[in-house]
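What follows is the residue order along each chain.
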Amino acid sequence: MAGKGTPATAVLAKQRIAHTLHTYDHDPKHESYGLEAAEALGVEPSRVFKTLVADVDGKLTVGVVPVTGQLDLKALAAAAGGKRAKMAEAAAAQRATGYVLGGISPLGQRSRLPVVIDSSAEAFDTVFCSGGRRGLEMELAPADLVRLTSATVAAIAG
């Protein structure tokens, strides 16, 4: 993977976090980036997490939820200490994170946004999330992901 690193993979390397990178050929016609990753890697979809950016009371906030579920905006707002949440505009999410949709990673974002990770992640030894581009997933322990992102853990998947 020489020359193909991302800000997310750089964080993992710099912090010396045990992880595995998984690549697959992204199909632009696939309807779901997360389900595509689970299928391509032969992984239980509940272990693959998507990174979504929402606007909580005017502040961009990241929700990390299993690809099999939806982000519960009311629960995200509560976990982030806010009142209302709505999905962020795609352009705002890409600008704030420095990543393209389908490749937004909870790690190595351009602006350090508050992160809330769904509590279901704690049921697994390792979870998968975007490594910073379409077709790249990183596998790591949920506790490491929580620590590296200074995340709040809460039930935010519906």
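Our subject is the structure that appears above.
A brief structural summary. (Residues numbered from 1 in each chain as written. Predicted model: local features only at pLDDT ≥ 70, side-chain atom pairs only at ≥ 80, totals over all residues. Heavy atoms only, no water.)

1. Quick look at the nonpolar core
Here comes step 1: Within the largest apolar cluster, 24 residues are counted, with the highest numbers of intra-cluster contacts made by Leu12, Val53, Leu107, Ile117, Met138, Leu140 and Leu145.
Here comes step 2: For this core, the secondary-structure elements that each account for two or more residues are α1 (7-14), β2 (49-56), β3 (59-66), α4 (90-97), β5 (115-118), β6 (127-133), β7 (136-140) and α5 (142-149).
Here comes step 3: Not counting residues up to four positions away in its chain, the partners in contact with leucine 140 are Leu12, Ile17, Ala18, His19, Asp125, Thr126, Val127, Cys129 and Leu145.
Here comes step 4: In terms of nonpolar packing, the next biggest core, distinct from the first, is built from 10 residues, Val56, Leu71, Val116 and Ala154 among them. (Core = buried A, V, L, I, M, F, W, Y, C linked by side-chain atoms within 4.5 Å. Buried < 20%, exposed > 50% of the residue type's maximum accessible area, 1.4 Å probe, protein only. Helix = DSSP H or I, 4+ residues; strand = E, 2+ residues; numbered from the N terminus. Contact = heavy atoms within 4.5 Å.)

2. A word on the pattern of salt bridges
Here comes step 1: In this structure the tally under the stated criterion is 2 salt bridges.
Here comes step 2: Arginine 47 is paired through a salt bridge with glutamate 139; the nearest N and O atoms lie 3.3 Å apart. One end of the pair, arginine 47, is in the loop between α2 (33-41) and β2; the other, glutamate 139, is in strand β7, and 92 residues separate them in sequence.
Here comes step 3: Classification of arginine 47 by relative accessible area gives partly exposed; the value is 21%.
Here comes step 4: Under the relative-accessibility criterion, glutamate 139 is labelled buried at 17%.
Here comes step 5: A salt bridge links arginine 147 to aspartate 144; the nearest nitrogen and oxygen atoms lie 3.4 Å apart. Here arginine 147 pairs with aspartate 144, and both are found in helix α5, just 3 residues apart, close to one helical turn. (Salt bridge = Lys/Arg side-chain N within 4 Å of Asp/Glu carboxyl O.)

3. Comments concerning the sheet that holds strand β1 (residues 19-23)
Here comes step 1: Reading across the sheet, the 3 strands line up as β1-β7-β6 and stay open at both edges, with antiparallel pairing between neighbours. Across the chains shown, the open sheet's two edge strands, defined by having one partner strand only, are β1 and β6. The average undirected angle you get between the axes of adjacent strands in this sheet is 30 degrees.
Here comes step 2: Relative to β7, β6 runs antiparallel, the two sharing 5 bridges. Its bridge partner lying in β7, cysteine 129 is registered against methionine 138.
Here comes step 3: Against the sheet, α1 engages β1, β6 and β7, with an angle of about 25 degrees to β7. (Pairing = 2+ DSSP bridges. Axes fitted to C-alpha atoms, helices over the stretch in contact; angles between N-to-C directions.)

4. With respect to the pairing of β7
Here comes step 1: Of all the 5 residues making up β7, 5 are buried; the element is thus mostly covered by neighbouring parts of the structure.
Here comes step 2: Burial of β7 is two-sided: the residues Leu136, Met138 and Leu140 facing one way and the residues Glu137 and Glu139 facing the other way are all buried.
Here comes step 3: Hairpin connection of β6 to β7: 2 residues between the antiparallel strands, including glycine 135 at a positive phi of 90 degrees.

5. Some words on α4
Here comes step 1: Three or more residues of α4 are buried, namely Ala92, Ala93, Ala96 and Thr97. Along the axis of α4, the buried positions cluster into a sector of 115 degrees, meaning they face one direction only.
Here comes step 2: The secondary structure elements touched by the buried residues of α4 are β2 and β3.
Here comes step 3: Looking at the residues trailing α4, positive phi occurs at glycine 98, about 80 degrees. (Arc of directions from axis to C-beta.)

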